[in-house]
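# Chains, contacts and geometry: an overview
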Amino acid sequence: MLFHVEMDVRIPYSLSAEEVDALKQAERVRAMELQRSGAWRHLWRVAGRYANVSIFDVSGPPELHDILSRLPLFPFMEIRVTPLCRHPSSIRDDDQ
Ligand SMILES: O=C(O)C[C@H]1C=CC(=O)O1
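Since the structure is predicted, the reported quantities are computational estimates derived from the model, not experimental observations. All residue numbers refer to positions counted from 1 along the written sequence of the respective chain. With the structure being a predicted model, the display of local features is reserved for residues of pLDDT at least 70 and the display and counting of side-chain atom pairs for 80 or more, all residues being used for whole-chain, interface and lining totals. With hydrogens and water stripped out, all remaining heavy atoms of the structure feed into the side-chain values.

### Some details on helix 2 (residues 61-69)
For the record, the criterion: Using a 1.4 Å probe on the protein chains alone, a residue whose accessible area is under 20% of its type maximum counts as buried, one over 50% counts as exposed, and one in between counts as partly exposed. Numbering goes from the N terminus for both helices and strands, where a helix is a DSSP run of H or I of at least four residues and a strand is a run of E of at least two. What the arc describes is the spread of directions from the helix axis to the C-beta atoms. Residue contacts are defined here by distance: any two heavy atoms, one from each residue, within 4.5 Å place the two residues in contact.
When helix 2 is considered as a whole, its buried residues turn out to be L64, I67 and L68. Viewed end-on, helix 2 has its buried residues packed into an arc of 95°, placing them on one side of the element. Relative to its buried face, helix 2 has exposed residues pointing more than 90 degrees away, namely P62 and H65. Elements that come into contact with the buried residues of helix 2 comprise strand 1 (2-9), helix 1 (17-37), strand 3 (51-57) and strand 4 (77-84).

Here it is in structure tokens:
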């Protein structure tokens, strides 16, 4: 099942530079793992914002919630999830 996910990152100024660097590095490692596994199908930076637009391909809402809530930056992100289904006019074979 495909989900459009928007993540806005809001890291508090109270964290030290070292804590922020460690969080970003851990997030990067996990994001790359999930992309290689196929669960995080697309990841784009939103131009001009510390935000991304992503497509996840998972079994359903429980798996998506499990993945998102374990991301290192989860406590510092505002996340919006939109479930997707195939458009009848789509010409792509991998849209489902
Ligand atoms: O930078 C972000 O958009 C937040 C998060 C998502 C992937 C990643 O590496 O960090």
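### Focus: the pairing of strand 2 (residues 40-45)
Note on strand geometry: in a regular strand, side chains alternate between the two faces of the sheet. Going by this rule: Paired strands, in this sense, are two strands between which DSSP finds at least two bridges.
Where strand 2 meets strand 3, five bridges bridge the pair, whose relative direction is antiparallel. Paired with L43 across the strands is S54, a residue of strand 3. Hairpin connection between strand 2 and strand 3: a loop of five residues separates the two successive antiparallel strands, and G48 in this loop has a positive phi of roughly 85°.

### A word on the side chain of E27
Operational definition: Counted as positive: Lys and Arg. Counted as negative: Asp and Glu. His and the chain ends are not counted at all. We define a salt bridge as a contact between a side-chain nitrogen of Lys or Arg and a carboxyl oxygen of Asp or Glu at a distance within 4 Å.
Structurally, the position occupied by E27 is in helix 1. Although buried, E27 forms no salt bridge, and the nearest oppositely charged side chain, R30, lies 8.3 Å from it. Aside from chain neighbours lying at most four places away, what touches E27 is W40, L71, P72, L73 and M77.

### Comments concerning the pattern of salt bridges
In the structure shown here, the tally under the stated rule is nine salt bridges. Between D66 and R70 there is a salt bridge; the shortest N-O distance is 2.8 Å. Since its relative accessible area comes to 34%, D66 is described here as partly exposed.

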